[in-house]
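Spelled out, the chains give:
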Amino acid sequence: MAGQDAPRKAAVRTPPGTLLDHHCHGVLRTDPDPAAFEAFLTEADGPAAPGTSFFDTQLGFAVRRWCPPLLGLEPHCTPERYLARRRELGAREATRLLLRGSGIGAYVMDTGLPGDITGPAELAELSGAPVHEIVRLERLAELAADTTGDADAFLAELAAGIRSAATTAVGFKSVAAYRYGLDLAPEPPALHEVREAAANWLKKRPKGDRPREQDDRLRDPVLLRHLLWSAVATRLPLQLHTGFGDPDLRLHRCDPLLLTDFIRATRRSGTPLILLHGYPYHRNAAYLAHVYPHVYADMGLTLSHTGARAGAVLAEMLELTPFGKLLFSTDAYGLPELYVVGSRLFREGLDELLGTWTGSGAWSRTDAERVTELLASKNAERVYSAL
Amino acid sequence: MAGQDAPRKAAVRTPPGTLLDHHCHGVLRTDPDPAAFEAFLTEADGPAAPGTSFFDTQLGFAVRRWCPPLLGLEPHCTPERYLARRRELGAREATRLLLRGSGIGAYVMDTGLPGDITGPAELAELSGAPVHEIVRLERLAELAADTTGDADAFLAELAAGIRSAATTAVGFKSVAAYRYGLDLAPEPPALHEVREAAANWLKKRPKGDRPREQDDRLRDPVLLRHLLWSAVATRLPLQLHTGFGDPDLRLHRCDPLLLTDFIRATRRSGTPLILLHGYPYHRNAAYLAHVYPHVYADMGLTLSHTGARAGAVLAEMLELTPFGKLLFSTDAYGLPELYVVGSRLFREGLDELLGTWTGSGAWSRTDAERVTELLASKNAERVYSAL
Amino acid sequence: MAGQDAPRKAAVRTPPGTLLDHHCHGVLRTDPDPAAFEAFLTEADGPAAPGTSFFDTQLGFAVRRWCPPLLGLEPHCTPERYLARRRELGAREATRLLLRGSGIGAYVMDTGLPGDITGPAELAELSGAPVHEIVRLERLAELAADTTGDADAFLAELAAGIRSAATTAVGFKSVAAYRYGLDLAPEPPALHEVREAAANWLKKRPKGDRPREQDDRLRDPVLLRHLLWSAVATRLPLQLHTGFGDPDLRLHRCDPLLLTDFIRATRRSGTPLILLHGYPYHRNAAYLAHVYPHVYADMGLTLSHTGARAGAVLAEMLELTPFGKLLFSTDAYGLPELYVVGSRLFREGLDELLGTWTGSGAWSRTDAERVTELLASKNAERVYSAL
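Residues numbered from 1 in each chain as written. Chains lettered and ligands numbered in written order. Predicted model: local features only at pLDDT ≥ 70, side-chain atom pairs only at ≥ 80, totals over all residues. Heavy atoms only, no water.

Chain A appears in an unreviewed UniProt entry as Amidohydrolase family protein from Streptomyces melanogenes.

Here it is as structure tokens:
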């Protein structure tokens, strides 16, 4: 129970009026070329279909709406003009301007993604805001596998890694949805099963610093369950990817309802589970947050990718999710533009929605202001600091 | 075929301008304390997460919008103030004021829920409106099991109970979705299977007036199917829980589409099937009501729990559901506030929607008025009285 | 690889300002009686429930809104008045007036539906617009089965039919969703499996010109897969029915996500896959179009049947679907009214949506105009002409 012994970390807090982005990634250290920039605007993993562009998406349009003004251009200028201005400023200055214009007052960053992207300290320096860390479980396991030879050593190293992470990170994250699907057996695997699965995986896995390939990655369902239950034992908040993402996942196996029995099994654990993204199953995630006390919901990727529709999708989340259970995040990765877009779409969508509801008398203005604060930062502060 | 011999019951009718609530439960006889009151605002089965309140939900906000004025307070007053006023009036008077302010002109009540709640006669007296009865199949079976010793006696008692209920009730209801899921085999079980399942269940079930526990409840899929087919044979309308509810159910096993083969199998029976609630699978329920002549849809729980979003969800129901196939209900239980909220959200949501559609020219005003009457009461009157 | 050798067909193009309907059927040659007319307003396969009418649906209301003015009547006149006027004009003149008032500039027609309906040449003459052809795979197989005696002859005849169709049609269509479901094994079946499945099907199938019954139709999953892969090999666009339709299908087996592994398997084929209709799984179809370069989405049936809600559903499609990936169609069949309604609802819904988005500054007007052209015709022109 590492969480119980862990030194208390600095509380996750934001300045008034700013957002707490409880789930994001690093930004690129260098200027992307146009094709690389465009690739960050989609969950697709290859080039756009002939005759089409990833700029012609809700996210592409949202970037062209919100970001040019932060770099001194008019909204909706052409991609070419925008990218030219960005190059002119240089990656570092563009990133600084965008992050500081995003309205985000604190970050919780998943450090488990590859690429030439910033770590927490660099993001803090560029953004001028504190950055906390979330540790990706599958990455911990892969690191442990890189440095150990047999199942017992691997499991010991992994346990030490989780213990250690629990002393510095504010939570864990699992991408089991990508690696296998959420249709995992709900109960903790038996030790002998874990040992056997570890031995099999290590045997098949290339060693050393040979270039990592997809097959190196942890996809074994027994080990994925072992990771989840190891994280649950720390009692730190556990983020779970659910819903859409890149084509490495099969969407119908990422319905958060597939976690129902796991959620039941962890109900008495004291560990908050945070269902990320959810879309297009976000109403299902909302239901789970409604009926299970330790389940929270997030919108993450969803708002950025739905752009002009972000407010409409947020409205669907606000049907069943108790207002003390919904957290804001951007899931931004690579482009600082994605922080801007994620936060603007959230702010604008929520303001418009609550404006309508207070206007019709459905909600009181006082309640609307209180709920805005809950979603913007206070829910996340409560979940990540109540340890 | 008890339904064919049954004496004709009083037709289910409502005074003009009022709603026919075709699916509700009793109200509490006594004043709930604040925690008990709050517990009725959620489908969760335990306390709210630390730092959160069930008042901070769409349903909580809707109660605070619509109910205080009926008790002489301003809308959106604090929960504390509202509960104090309620105590001051006393449970009976508060209940009377709320029910009589709900705009509901007739009730169809499921009497199968436990607790110190009113029966039909008391509800009629408090509300000043006629109350008809729906009999919950699983409760009938549990009552039969309480008083019989072996499978044959149990089945005979159950058959008599269904026959008798068909002479007084206007329909049946099944909560198979909670007890097992809707992924039941579609065909009627063979008699020998039913007998064997009954014997097994009776053997495991505690007897007499020992306090009822969850395990006493009927969960056997063969017996649940036997109940469904026994009800179908009466030709009385059969209500089926579908979609969300408390965490006793697994939501993905409550998708009404799982009933597709049962619906096909009962198509020639002459028995109307009414799919309750549906959310978040309400568009699936709408589809079934669209293509199968004996299938009807309802919104029940959905409108109350989605509050300021009730009109938006109702709009989704009105995509595929033929306008002669959608029924109004509150699914209210325990708190008289839930009748008020259910009916106001329905009225307001529908008025706003049809106002928009007539305003744009999409619908004519005459059609809008006619559809309002269908949904408010005439569809239910037709379904429950055409026997 | 018939597609590679095929003579280049006339490009699919539309006059400026008109729509390209990339998926429709023929219209009735004769005047339907009232019951027959009403039957075309629903996906149900029998009469409406007692006391209800298929005119009381979103589609019924949309027909009464948009069509009477094209025949010289006021919008929302009664069905009786409308049908009387239609009879007065005669089927041919009413059809001509409706089709020429639909705003559709070119058609791509699936010729595989039965009934006394027009073929492509007649539709072209009535509408004054070019009509291209889509060939329904299952129909090709059934035609081949009608004229051959054993599995090898059948497979040879089928292969010849597909080769020949690829020289004249602009694409293929599969209704495997109806015949089996989309939960087909994703890989191409082995030749020996196909031969065995063909032999079994031919053996059970009645021969000659005996009246066709449901059981004659191709439902074997191995043969359905063989058809899909045969079409993929031509590299012509392949339309796949997904989502709702008449009760011959089981809706939960028509979720386009069930095609995920087939989509992965065909990713390098160069064959565009077009997911038709999608509803209520249209957000899932949008996701697939988002992440896989060769996948496109369509709304088809959905807009007509959701009527006043068409714009709202279109908005959901425009969350994840890249704007270069969404195609317009009516899926009109039998009634010329369905062309009118499909095109008007699309135009009106899109205009209103983009008006809102440009009004709020979310989109630029230039982008909105460009996206309107993409959806109206340019996406389809690109997909069907890039051969």
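Q: How would you summarise the interface of chain C and chain A if you had to cite specific residues and measurements?
A: Taken together, the contact pairs 34 residues of chain C with 36 residues of chain A. Of the roughly 3000 Å² buried between chain C and chain A on both sides combined, carbon and sulfur atoms contribute 53%. Counting the surface chain C buries against chain A, the share from its top three residues, Arg283(C), Tyr287(C) and Glu319(C), is 20%. Counting the contacts that link chain C with chain A gives six salt bridges. Residues Arg309(A) and Glu319(C) are paired through a salt bridge, measuring 2.8 Å at the closest nitrogen-oxygen approach. (Contact = heavy atoms within 4.5 Å. Buried area = accessible area lost by both parts, 1.4 Å probe. Salt bridge = Lys/Arg side-chain N within 4 Å of Asp/Glu carboxyl O.)

Q: Describe the relation of the copies chain B and chain A, with residues and values.
A: Of the transformation placing chain B onto chain A, the axial shift is 0.0 Å and the rotation is 120°, giving an RMSD of 0.0 Å. The transformation just described matches what one would write down for a three-fold rotation axis. Of the C-alpha atoms belonging to chain B, the one lying closest to the rotation axis is found on Ala312(B), 5.8 Å away. Looking at the interface residues of chain B, only 3% of them are also at the interface in chain A, so each copy uses its own face. (Least-squares fit on C-alpha atoms with pLDDT ≥ 70 in both.)

Q: Outline the interface of chain B and chain A, listing residues and values.
A: If you look at the interface, chain B gives 36 residues, while chain A gives 33 residues. Between chain B and chain A, the buried area comes to about 3000 Å², and carbon and sulfur atoms account for 53% of it. Inspection of the region where chain B meets chain A yields six salt bridges. Only helix H3 (58–66), helix H14 (301–306) and helix H15 (310–320) of chain B provide two or more residues apiece to the side of chain B that touches chain A. Ranked by residue count, the leading element in the side of chain B that touches chain A is H3(B), at four residues. Among the residues making up the side of chain B that touches chain A, the classes are represented as 14 nonpolar, 12 polar and 10 charged. (Helix = DSSP H or I, 4+ residues; strand = E, 2+ residues; numbered from the N terminus. Nonpolar A, V, L, I, M, F, W, Y, C, P; charged D, E, K, R; others polar.)

Q: Mind laying out the sheet that holds strand E6 (residues 273–277) of chain C, listing which residues take part and the relevant values?
A: Residue and element names in this part refer to chain C. The eight strands lie next to each other as E1-E2-E3-E4-E5-E6-E7-E8, forming an open sheet whose pairing is parallel. Edge positions in the open sheet fall to strand E1 (19–24) and strand E8 (326–327), since each of these has one partner strand only. Pairing of strand E7 (residues 295–298) with E8, which is carried by two bridges, proceeds in the parallel orientation. Looking at E8, one finds that Ala297 is bridged to Leu326. (Pairing = 2+ DSSP bridges.)

Q: Can you tell me about the sheet that holds strand E4 (residues 171–174) of chain B, naming the residues and giving the values?
A: Residue and element names in this part refer to chain B. Reading across the sheet, the eight strands line up as E1-E2-E3-E4-E5-E6-E7-E8 and stay open at both edges, with parallel pairing between neighbours. Looking at strand neighbours, the two that pair on one side only are strand E1 (19–24) and strand E8 (326–327), the edges of this open sheet. Relative to strand E2 (residues 104–110), E1 is paired through four bridges, and the arrangement is parallel. Bridging from a neighbouring strand, Leu20 pairs with Ala106 of E2. Here helix H13 (residues 282–291) sits on the sheet and contacts strand E6 (273–277) and strand E7 (295–298); the angle it forms with E7, its principal contact strand, is near 150°. (Axes fitted to C-alpha atoms, helices over the stretch in contact; angles between N-to-C directions.)

Q: Describe the side chain of Lys325(A), and please don't skip the residues or the numbers.
A: One can find Lys325(A) in the loop between helix H15 (310–320) and strand E8 (326–327). This buried residue, Lys325(A), is left without a salt bridge; Asp45(B) holds the nearest opposite charge, at 10 Å. A distance of 2.9 Å separates a polar side-chain atom of Lys325(A) from the backbone oxygen of Ala289(A). Engagement of the side chain of Lys325(A) in a polar contact is seen with the backbone oxygen of Tyr292(A), the distance being 3.0 Å. With residues up to four places along the chain from it excluded, the contact list for Lys325(A) reads Ala289(A), Tyr292(A), Pro293(A), His294(A), Val295(A), Tyr296(A), Ala297(A), Asn379(A) and Ala49(B). (Buried < 20%, exposed > 50% of the residue type's maximum accessible area, 1.4 Å probe, protein only. Lys, Arg positive; Asp, Glu negative; His and termini not counted. Polar contact = N/O pair within 3.5 Å; in protein donor to acceptor, adjacent residues only side chain to side chain.)

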